[in-house]
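Survey of secondary and tertiary structure
Single-letter residue listing:
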Amino acid sequence: MTVDEVRALLQQKDRIDLSFYPTPLQKLERLSESLGVNLYIKREDFSGQSLFGGNKIRKLEYLLGDAKRQGAEYVFTYGATQSNHAMQTAEACRKAGLKPVLYLLAIVEPDEKELRGNLLLDRIFGAEIHIIRQEDGETEAEANDRMFALARQQMEELKRNGHACYDIPKGGASPIGTTGFIGGFAELTQQLTQQEIHADYLFHATGTGGTMAGLVAGRRLLNSDMKIISIDVTCHDESYVPAKTALGNEALAWLGAQQRLTEEDFCVDPGYYLPGYEQPNEGGTEAIRMMAEQEGILLDPVYSGKGFAGLVDYVRTGKALQGSNVVFLHTGGATALFAEREILGDLLL
């Protein structure tokens, strides 16, 4: 398919305008010289109406378009207390005239007397916030399940009282949300064509996987030979790629496209996330400082810092060839630089 044909499919779907697209694609001259590749950055951190945009905005345009179509009054979603997705959902809901309800798991314990980062912004946006803490002997997965159950109970009560609710999964990683990055890949493809660049690699950080599934589905629709390297920022098991393959295929089916993905379409590298989600590491800290000191651009310690650390390591070890054209997808999240000390780690030294 062509970019115009992909956009024609997307235009058939309900969508609300939350953004400033296309987001910039720029060459990082100093890092290109020091790393020995032609390095470009796609600025999804410039996507939103506020100073705090990110990759979730593309998903939310379609998700909240669907919520409005269904007549929703409340929008529920989930994440960690410093979730970029939850904050961007609260922001987007306010623009769309919807009421945001956030259920947030305290992976890092927040100080509710001195709110920071995204949790502070959630409060400023007037979101209804429920912070869930792990109980003694409870795993993180069990705490998540309890969080979802509590949210379902509240939604059922609201519905009984005549209030329509719309449920968005973590990260907006649903077939409808994933569709946003089918459009995002089409946008990137057009920008590369206009600048006469043949990109060899696209690197990005992946968590819940909706952005990844959309990018890979977009690549399949456009028959691109760009290699997408997805740097995992949390601990996923062997079910991750099959689940995201299914997610991408559900998004393609929702659009009415005939193409389908296989697990071989994905390249997920889990080698850069340790010691864990929202826990900094040496490579991520170096990557954040490198981008800041050489290009004046801020990354975050949870997602984009680890994603860029993966890119740098691929170049240094020869897994990404010298002289190649490399795109880094900046997914936003610099608000994490103003979060709890445990998330920042050695950046404070």
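Residues numbered from 1 in each chain as written. Predicted model: local features only at pLDDT ≥ 70, side-chain atom pairs only at ≥ 80, totals over all residues. Heavy atoms only, no water.

Attention now goes to the overall build of the chain. When helices and strands are tallied, the chain shows twelve helices and ten strands. For 349 residues, the compact-globule estimate of 2.2 N^0.38 gives 20 Å, and the C-alpha radius of gyration of the chain, at 19 Å, lies within 12% of that figure. The C-alpha extent of the chain, read off along each of the three principal axes, is 60 × 50 × 35 Å. Taken over 349 residues, the chain has a buried fraction of 58%. Of the contacts formed within the chain by residues at least 6 apart in sequence, a portion of 78% connects residues at least 24 apart. Taken as a whole, the chain presents about 14,600 Å² of accessible surface, with 48% of it coming from carbon and sulfur. In the chain, 34 positive and 49 negative side-chain charges are present, and the distance between their average locations comes to 4 Å. (Helix = DSSP H or I, 4+ residues; strand = E, 2+ residues; numbered from the N terminus. Rg over C-alpha atoms; globule rule 2.2 N^0.38 Å. Buried < 20%, exposed > 50% of the residue type's maximum accessible area, 1.4 Å probe, protein only. Contact = heavy atoms within 4.5 Å. Areas by Shrake-Rupley, 256 points an atom, 1.4 Å probe, with all protein chains shown as cover. Lys, Arg positive; Asp, Glu negative; His and termini not counted. Charge placed at Lys NZ, Arg CZ, Asp CG, Glu CD.)

A few words now on the nonpolar core. With 49 residues, the main nonpolar core has Leu64, Val75, Tyr166, Ile182, Leu192, Leu202 and Val327 as its most contacted residues. Of all the elements in the fold, those that place two or more residues in this core are helix H1 (3–10), helix H3 (56–69), helix H4 (84–96), helix H7 (175–194), helix H8 (210–222), helix H9 (240–255) and strand E10 (325–330). Ranked by the residues each element gives to this core, the list is headed by H7, at seven residues. Ignoring anything within four residues of it in the chain, the contact list for leucine 192 reads Leu25, Ile197, Ala199, Met226 and Val327. (Core = buried A, V, L, I, M, F, W, Y, C linked by side-chain atoms within 4.5 Å.)

Quick look at the environment of glutamate 342 now. The residue glutamate 342 is located in helix H12 (residues 341–344) in this model. Taking the C-alpha atoms as reference points, glutamate 342 and glutamate 157, separated by 185 residues in sequence, lie 37 Å from one another. Leave out the neighbours within four places in its chain, and glutamate 342 touches Val108, Glu278 and Pro280.

This part covers the pairing of strand E3 (residues 74–80). Counted residue by residue, E3 has seven buried out of seven residues, so it is predominantly covered. As judged from the seven bridges shared by E3 and strand E4 (residues 99–105), these two strands associate in the parallel manner. Each bridged residue has a counterpart across the sheet, and for tyrosine 74 the counterpart in E4 is lysine 99. One ladder, built from three bridges, connects E3 with strand E6 (residues 165–167); its direction is parallel. Pairing of phenylalanine 76 across the sheet is with aspartate 167, part of E6. (Pairing = 2+ DSSP bridges.)

Further remarks concern the packing of H3 against H4. Closest axis-to-axis distance for the H3/H4 pair is 10 Å, and the angle between their directions is 45 degrees. Considering the angle they form, H3 stands oblique to H4. The crossing of H3 and H4 is right-handed. Along its contact with H3, which presents Lys56, Ile57, Leu60, Leu64 and Lys68, the element H4 presents His85, Gln88, Thr89, Glu91, Ala92, Cys93 and Ala96. (Axes fitted to C-alpha atoms, helices over the stretch in contact; angles between N-to-C directions. Parallel < 35°, antiparallel > 145°, perpendicular 65-115°, else oblique. Left-handed = near helix turned anticlockwise from the far one by under 90°.)

If you trace the four strands from one edge of the open sheet to the other, you get E5-E4-E3-E6, paired in parallel fashion. If you trace the sheet from one side to the other, it starts and ends with strand E5 (128–132) and E6, each paired once. Each strand of the sheet is rotated relative to its neighbour by a mean of 20 degrees, with strand direction disregarded. Of the strands in this sheet, E3 and E4 touch H4, which is tilted by about 170 degrees from E4.

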